[in-house]
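The lines below spell out each chain.
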Amino acid sequence: MKFTLSWLKEHLDTTASVDEIAEALTDLGLEVEEVVNPAAKLSAFTLAKVIHAEQHPDADRLRVCKVMTDEGEKQIVCGAPNAREGITVVLAKPGDYVPGIDVTLSVGNIRGVESHGMMASERELELSDEHNGIIELPSGEVGQKFTDWLAQNDPAKVDPVIDIAITPNRQDALGVHGVARDLAARGLGTLKPLKEAAVPGNFPCPIDVTIDADAATDGCEVFAGRLIRGVKNGPSPAWLQDRLRAIGLRPISALVDVTNFFTYDRNRPLHVFDADKVQGNLRVHRAPEGATLVGLDDKTYTFPGGQVVISDDNGIESIGGIMGGLATGATFDTTNVFLEAAVWDRIQIAHTGRALKINSDARYRNERGIDPEYNMQAMQDATQMILDLCGGEASDIVVAGQVPDTARAYKLDPARVISLVGMDIPESEQRQTLTRLGFRMEGNLAHVPSWRPDVLGEADLVEEVARIASLTKLKGQPLPRMAGVPKQILSPLQKREQIARRTVAALGYNECVTYSFIDSEAASLFGGGDDATMLANPISSDMSHMRPQLLPGLLRAAARNQARGFADLALFEVGAAFHGGEPEEQAQQIAGILIGRTGPKDVHGASRPVDLYDAKADAEAVLAAIGAPAKMQIMRGGEGWWHPGRHGRFCLGPKKVLGTFGELHPKVLAAMDIKGPAVAFVIHPAEVPLPRKAGATRPALVLNDLQPVERDFAFVVDANVEALTAVNAAAGADKALIADVRVFDEFIGGSLGEGKKSLALTVRLQPVDATLKEKDIEAVAAKIVEKVTKATGGTLRG
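Residues numbered from 1 in each chain as written. Predicted model: local features only at pLDDT ≥ 70, side-chain atom pairs only at ≥ 80, totals over all residues. Heavy atoms only, no water.

J.: Before we go on, may I ask you to explain the overall build of the protein in this structure?
T.: Across its full length, the protein carries 21 helices and 42 strands. Taking 798 residues into account, the globule formula puts the C-alpha radius of gyration at 28 Å, and the protein, at 42 Å, lies well above it. The proportion of buried residues among the 798 residues of the protein is 48%. Counted over contacts in the protein with a minimum sequence separation of 6, partners at least 24 positions apart contribute 69%. Of the roughly 40300 Å² of accessible surface on the protein, a fraction of 51% belongs to carbon and sulfur atoms. The centroid of the 84 positive side-chain charges in the protein is displaced by 8 Å from the centroid of its 107 negative side-chain charges. (Helix = DSSP H or I, 4+ residues; strand = E, 2+ residues; numbered from the N terminus. Rg over C-alpha atoms; globule rule 2.2 N^0.38 Å. Buried < 20%, exposed > 50% of the residue type's maximum accessible area, 1.4 Å probe, protein only. Contact = heavy atoms within 4.5 Å. Areas by Shrake-Rupley, 256 points an atom, 1.4 Å probe, with all protein chains shown as cover. Lys, Arg positive; Asp, Glu negative; His and termini not counted. Charge placed at Lys NZ, Arg CZ, Asp CG, Glu CD.)

Here you go:
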């Protein structure tokens, strides 16, 4: 959004400098991207007068001039055809930078004659493309700054241009009047009241307007127009052309320039039709598929179907709220013009603009929102300006639809404003701020003006007060000192995640943060990839599904590292995995992978390939850190992406799974392009039981003063019986006494026969109350034998 300082002062009575205005705008949330001040590059140049001019002794096209300057008489060699005695010129002295030729002047010698500066042309000062001669000024004193002369005689050439960035919620600042309103509310001047025209109609409008039912609900809210006959279209006045050129627009004609002026001055896009080219009446409706229109930019647009357009009896003549058609556009030959002002549905404008790939000033404003209540007054104001510039006679106004009702009000709570903003803003100042911004105060209710569709609640009132008061005035305040120990803020699950991160990192893993979106193929490898986790609008084809596990992202990261020469990896991630699209259909996981070797190769042979016991040890360390019970069962039955014979699950019973560890299935590694051995673990922190006591104190250290007892057992079982089955059965024989069970030997063959093997277990008994007697030990041993033989179908080896 660009505007000039003089344009701003048409709406704001202020003495503030450009720098003060720019600083205030940025502080108000209207960030200044650039300030172009033409006077800055002209500040060095002064006025001088040629007191004598004669032919150069050695050049036909050069003249040697005696020039009176503020430093006395100077000799300057000039090649301009209009260099002559008596004219007032713009002088550039040695040492001055001339922007048009990108040269810093010095004393020159031209054909044997010294020249102390130059007399500039308009192109050399980048004022215009004129370069047939030097600048001749009709007035001015020797030594006067050229910028001062321009400010008095041609201010448009030194008018600063301010360019601000507009956020989508500040559509009211897309007009110069809206920017001036914000500055006035800040206190940088007084907002000038708008002049409201009232142009009565002198005859019925011969062109009627209607809105079809399919466009009335979510296409066009109100469509107004009137005919102005007998206009004389031509170039717009110099002040209007200068204003448009300054902000980068090309003046076209008076009629078109009026609509562009209102677009930037009041954030009110308008359109003018050449009424003599309109056949019949105008109708707002949905475009049929395949219809075409040649726009004002001379491009042909084909409609996909459903866009809101304006048609006459001949067909489509304009794209509603975006661009007019070339066939009915105003030209210098236009004598009768139909002026249109409408309020369009913002969503429809955005869809149409994207479908047709049109970016116009009208679309930019209409899709963000304009002031609907100004629609009818805009018709009057634009009519008056056209009559002033082009003459003519206005008809009655024809209207289809109704101006939408935007009335709403929210409560202003001054105490709440102070609490949220953190500044002591008096209630009177809060009310005055809102009043200056156009809100109507009725008790504690603030009625929102029609040009602020972004204000939708009490929080927005707080934001407006804070914005105008300036958050730069906030002063840091120390938090009050708290008595005692504050309560823990993090939930138990959040605390576990924090502890898990630190623990896994301390084990030597590097943390990854991967996307929650993965491709369908990877998701299907890990139990996902169905419609329940498919995204409706994925950002790319390889991010089409929510991840069912953390492992796919870690494996993708490992593959990228391996492709770049990093073979040995230890990666982990803490995050959510998803099995559906609802909030309750996700769960936190702690996942880690080990790939390659335990360390670099060395002469001692300490380096080895990673195995499932490395993953198990790390998983047990994490579980212990987050408070899992010391006694857990290791069971089979993991998901399909684990190696069927080289994995285990940490369980508290058959249905309470705390995590899984082991090797990953070879087919998964091949699909994910992972080379070498790869082991992993996945922990479910939410499944770990919470401690019975919520206090922060640790339980007393328990040191057993009674002698533990170990007993060895050997069982003959079928060769296909898992050792884990025997271990779990033995551990469950007496959970109070049995502290540990481990396998210390496996024997196959010999006298055992085919299909049999011997498993030797060591069971450690830890008494608590009294030293175990032989009969107690025998009783527990009998239970162990009974449990193991029942679970495995084996026998105690004699």
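J.: Can you walk me through the packing of helix α8 (residues 254–265) against helix α11 (residues 375–390) in this structure?
T.: The relative placement of two packed helices is expressed as an angle between their axes plus a distance between the axes. Between α8 and α11, the shortest axis-to-axis distance is 10 Å and the interhelical angle comes to 145°. In the packing of α8 onto α11, the handedness of the crossing is right-handed. Here α8 contributes Ala254, Leu255, Val258, Phe261 and Phe262 to the contact with α11, which in turn contributes Asp381, Ala382, Met385, Ile386, Leu389 and Cys390. Taken together, the residues of the contact of α8 with α11 sort by class into 10 nonpolar, no polar and 1 charged. (Axes fitted to C-alpha atoms, helices over the stretch in contact; angles between N-to-C directions. Left-handed = near helix turned anticlockwise from the far one by under 90°. Nonpolar A, V, L, I, M, F, W, Y, C, P; charged D, E, K, R; others polar.)

J.: Explain the pattern of salt bridges to me, please; I cannot follow it from the model alone.
T.: One side chain can pair with another of opposite charge once the charged atoms of both are near each other. For the structure shown, the criterion picks out 38 salt bridges. Between arginine 711 and glutamate 774 there is a salt bridge whose closest N-O contact spans 4.0 Å. Residue arginine 711 is located in strand β39 (residues 709–718), and its partner glutamate 774 is located in helix α21 (residues 774–792); the two are separated by 63 residues in the primary sequence. Its relative accessible area of 30% is what places arginine 711 among the partly exposed residues. Judged by relative accessible area, which is 45%, glutamate 774 ranks as partly exposed. (Salt bridge = Lys/Arg side-chain N within 4 Å of Asp/Glu carboxyl O.)

J.: Explanation requested: the side chain of arginine 496 in the structure shown.
T.: Structurally, the position occupied by arginine 496 is in helix α15 (residues 492–506). In this structure, arginine 496 is buried with no salt-bridge partner, the nearest side chain bearing the opposite charge being glutamate 687 at 8.9 Å. Residues contacting arginine 496, with those up to four places away along its chain left out, are Ile626, Pro685, Val688, Pro689, Leu690 and Pro691.

J.: What's the story with unusual backbone geometry in this structure? I'm lost.
T.: Leaving glycine out, the prevailing phi sign among residues is negative, and the prevailing peptide bond configuration is trans. For glutamate 126, which is not glycine, the phi dihedral falls at a positive 55°. Take glutamate 126: it is sitting in the loop between β12 (118–119) and α4 (146–153). Note on glutamate 126: relative accessible area 43%, which makes it partly exposed. Despite not being glycine, aspartate 298 shows a phi value in the positive range, around 70°. Within the element layout of this structure, aspartate 298 appears in the loop between β19 (292–294) and β20 (300–302).

J.: Honestly, the packing of aromatic side chains in this entry has me stumped. Any pointers?
T.: Aromatic ring pairs: the centre-centre distance and the angle between the two ring planes describe each pair. What the rule picks out here adds up to 10 aromatic pairs. Relative to phenylalanine 261, the ring of tryptophan 239 has its centre 6.0 Å away and its plane inclined at 90°; by these criteria the two rings are edge-to-face. Residue tryptophan 239 is located in helix α7 (residues 238–246), and its partner phenylalanine 261 is located in helix α8; the two are separated by 22 residues in the primary sequence. Judged by centre distance (5.7 Å) and plane angle (90°), the ring pair of phenylalanine 261 and phenylalanine 262 falls under edge-to-face. On the basis of relative accessible area, phenylalanine 261 is assigned to the buried category, the value being 9%. Taking relative accessible area as the criterion, phenylalanine 262 reaches 3% and is therefore assigned buried. Aromatic ring contacts, followed pair by pair, group Trp7, Trp239, Phe261 and Phe262 into a single cluster. One cation-aromatic arrangement involves arginine 229 over phenylalanine 203; the distance from NZ or CZ to the ring centre is 3.6 Å. Here the basic side chain of arginine 365 rests over the ring of tyrosine 264, its NZ or CZ set 4.4 Å away from the ring centre. (Phe/Tyr/Trp six-rings, centres within 6.5 Å; stacked < 30°, edge-to-face > 60°. Lys NZ or Arg CZ within 6 Å of the ring centre and 35° of its normal.)

J.: Would you mind going over the side chain of histidine 643 with me for this structure?
T.: Inspection of the secondary structure puts histidine 643 in strand β36 (residues 642–651). According to the relative accessible area criterion, histidine 643 is buried, its value standing at 17%. Every residue in contact with histidine 643, bar those within four places of it in the chain, is listed here: Glu663, Leu664, His665 and Pro666.

J.: Please explain the nonpolar core as it appears in this structure.
T.: Within soluble globular proteins, side chains that are nonpolar tend to cluster in buried spots. If you look at the biggest cluster of nonpolar residues, it comprises 74 residues, and the most contacted ones within it are Phe3, Leu8, Ile21, Leu25, Ile164 and Leu183. Setting aside chain neighbours within four positions, we find leucine 25 in contact with Phe3, Leu30, Glu31, Val32, Ile162, Ile164, Val179 and Leu183. If you look at the next biggest cluster of nonpolar residues, it comprises 34 residues, including Val309, Ile319, Ile322 and Ala342. (Core = buried A, V, L, I, M, F, W, Y, C linked by side-chain atoms within 4.5 Å.)

J.: Hey, could you run me through the sheet that holds strand β4 (residues 46–55) in this one?
T.: Pairing between the strands of a sheet is mediated by backbone hydrogen bonds and can be parallel or antiparallel. Taking strand neighbours across the sheet as the criterion, the 5 strands line up as β6-β5-β4-β7-β12 in an open arrangement whose pairing is antiparallel. Looking at the sheet topology across the chains shown, the edges are occupied by β6 (72–78) and β12. Pairing between β4 and strand β5 (residues 63–69): 6 bridges, direction antiparallel. Residue pairing in the sheet places alanine 53 in a bridge with cysteine 65 of β5. (Pairing = 2+ DSSP bridges.)

J.: For this particular structure, what's the right way to read the sheet that holds strand β3 (residues 32–36)?
T.: On the basis of which strands lie adjacent, the open sheet formed by 3 strands has the order β1-β13-β3 and antiparallel pairing. Strand pairing shows two members of the sheet lacking a second neighbour, β1 (2–4) and β3, which therefore form its edges. Each strand axis lies, on average, 20° off the axis of its neighbour in the sheet, ignoring direction. Of the strand pairs in this sheet, β3 and strand β13 (residues 161–164) are connected by 4 bridges, and their pairing is antiparallel. Within the sheet, the bridge partner assigned to valine 35 lies in β13 and is isoleucine 162.

J.: Mind showing me how you'd approach the packing of α7 against α8 here?
T.: At a minimum axis distance of 11 Å, the contact between α7 and α8 shows a crossing angle of 55°. Classified by the angle their axes make, α7 and α8 are oblique. Judged by the sense of rotation from one axis to the other, the crossing of α7 with α8 is left-handed. Facing α7, whose interface residues are Trp239, Leu240, Arg243 and Leu244, α8 presents Asp257, Val258, Asn260 and Phe261. (Parallel < 35°, antiparallel > 145°, perpendicular 65-115°, else oblique.)

J.: Can you walk me through α8 in this structure?
T.: Note: α-helices contain 3.6 residues per turn, so residues at a spacing of three or four share the same orientation. Given a rise of 1.5 Å per residue, 12 residues ought to cover 16 Å, and the 16 Å separating the end C-alpha atoms of α8 matches this to within 8%. In the segment just after α8, asparagine 267 is the residue with positive phi, at about 55°. (Expected span 1.5 Å × (residues − 1).)

J.: Honestly, the environment of methionine 118 in this entry has me stumped. Any pointers?
T.: One can find methionine 118 in strand β12. For methionine 118, a relative accessible area of 14% gives the class buried. On a C-alpha basis, the gap between methionine 118 and valine 417 in space is 62 Å, while along the polypeptide they are 299 residues apart.

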